[in-house]
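Below, each chain spelled out in residue letters.
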Amino acid sequence: MNHLEGDDAVSTPIPPVLAGSQDPLLEWAVKESGAELALLCQGSGDGVQRLVDGRAMLAGMHIWHAESQCYNDPATLGLSGMRDLVLIRWAKRQQGLLLAADNPHQLVRLEDIARPGIRVAHRQPDAGVSHLLQSLLARHRIDAKQLRWAVHPSLSEDDLALAIRQGEADIGLGIEAAARRQGLAFIPLQQEHFDLAMRRRHYFEPAMQRLLAFARCERFGQRAETLGGGMTSVSWGGWCTTREFLFHCCDHRPCSMNVSYSRRSNLRDSSARPANAETSVAPA
């Protein structure tokens, strides 16, 4: 990907759209918080492009970079030219193998997807999980050309899980929460980071502030516990509650703006920084 963009490039109003990858808790929180954001979840790569083009206010992404062994690096994504870029860590989720509940083929490890006759569900090429899958195949020396791929790509996490539940595929890579929602078996492989990317000015928009405020309420925590699916920076079972902030800029130099939080109030500018937050903001 190569998206060179400055913070003065967008002069037209940005539509209140959340693009990019799917996260079940995020989708629910957007609706329940009254954030009034339209959802357009067509993969992490699509979300990044829409953010750069000014066709989305924020993008959800979980793109694995095998070379640096990290997620959502702005420079690797070509976003280093976006001087007002803000990233917020929304979730730490478990990625792994999704299987039919009774696991009729006795699949127990990644290498089993190469067994004859095993049908592999897959996502569109620019989806975040597709980057991870290609990395895992290379690490385990599995030739992707020799696999029996499902006829059509699944366009969301839930679609992939549903394809396995309905018998259209035997195995696929996806998040634990999607497996739980469809009653599938799950074999964890890797913890991932799901981040929200936006321009700095949109972080302070009412839509974003309503979403973040809702993510600190007890109801949100209860929903996260129900969905499950990973480790978090707090006690919720699968998602963090916006307590971990990653603000990235082109040269990664911190400036005077810091962010603090209150469990039940909106985020605000402050000279006090949360002890467990990683924060730096692009210089103006």
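Everything quoted here is computed from the prediction, not taken from an experiment.

Draft legend 1. Structural detail: the side chain of Asp84. Structurally, the position occupied by Asp84 is in the loop between strand 5 (70–71) and strand 6 (85–99). Of note is the side chain of Asp84, whose polar atom sits 3.0 Å from the side chain of Arg199.

Draft legend 2. Representation of the pairing of strand 6. Taken across its 15 residues, strand 6 has 15 buried, putting it largely inside the fold. Both strand 6 and strand 10 (residues 185–199) contribute to a ladder of 14 bridges, which runs antiparallel. Each residue of the ladder has a partner; that of Gln94, found in strand 10, is Gln191. In this sheet, strand 9 (residues 171–175) lies alongside strand 6 in antiparallel orientation, the contact comprising five bridges. Paired with Leu98 across the bridge in strand 9 is Gly172.

Draft legend 3. Spotlight on the packing of aromatic side chains. Counted by the stated rule, this structure contains five aromatic pairs. Ring geometry for Trp28 against Phe214: centres 5.4 Å apart, planes inclined by 50°, an arrangement best described as tilted. Here Trp28, found in helix 1 (residues 24–33), pairs with Phe214, found in helix 7 (residues 206–214); they are 186 residues apart in sequence, far enough to count as distant. Consider the rings of Trp90 and Phe220, whose centres lie 5.6 Å apart with planes at 80°: the pair is edge-to-face. Of this pair, Trp90 sits in strand 6 while Phe220 sits in helix 8 (residues 218–227), and the two are 130 residues apart along the sequence. For Trp90, a relative accessible area of 0% gives the class buried. Owing to a relative accessible area of 0%, Phe220 belongs among the buried residues under this scheme.

Draft legend 4. Spotlight on the confidence of the model for the protein chain. For the protein chain, mean pLDDT is 80; residues scoring 70 or higher make up 76% of the total. The low-confidence segment residues 230–284 (pLDDT under 50) makes 153 contacts with residues lying over four places distant or belonging to another chain.

Draft legend 5. Structural view of the nonpolar core. Core analysis: the largest hydrophobic core is formed by 29 residues, its most contacted members being Trp90, Leu196 and Phe220. Within the second largest apolar cluster, 19 residues are counted, among which are Ala127, Leu136, Ile142 and Leu147.

Draft legend 6. Molecular detail of the packing of helix 1 against helix 8. Where helix 1 meets helix 8, the closest approach of the two axes is 10 Å, and the angle between their N-to-C directions is 150°. In terms of axis orientation, helix 1 runs roughly antiparallel to helix 8. Regarding helix 1 and helix 8, the two cross each other, and that crossing is right-handed. In this structure, helix 1 uses Pro24, Leu25, Trp28, Ala29 and Glu32 to contact helix 8, whose residues at the interface are Arg219, Phe220, Arg223, Ala224 and Leu227. Within the contact of helix 1 with helix 8, the residues separate by chemical class into seven nonpolar, no polar and three charged.

Parameters and conventions
Residues numbered from 1 in each chain as written. Predicted model: local features only at pLDDT ≥ 70, side-chain atom pairs only at ≥ 80, totals over all residues. Heavy atoms only, no water. Helix = DSSP H or I, 4+ residues; strand = E, 2+ residues; numbered from the N terminus. Polar contact = N/O pair within 3.5 Å; in protein donor to acceptor, adjacent residues only side chain to side chain. Buried < 20%, exposed > 50% of the residue type's maximum accessible area, 1.4 Å probe, protein only. Pairing = 2+ DSSP bridges. Phe/Tyr/Trp six-rings, centres within 6.5 Å; stacked < 30°, edge-to-face > 60°. pLDDT = per-residue confidence, 0-100. Contact = heavy atoms within 4.5 Å. Core = buried A, V, L, I, M, F, W, Y, C linked by side-chain atoms within 4.5 Å. Axes fitted to C-alpha atoms, helices over the stretch in contact; angles between N-to-C directions. Parallel < 35°, antiparallel > 145°, perpendicular 65-115°, else oblique. Left-handed = near helix turned anticlockwise from the far one by under 90°. Nonpolar A, V, L, I, M, F, W, Y, C, P; charged D, E, K, R; others polar.

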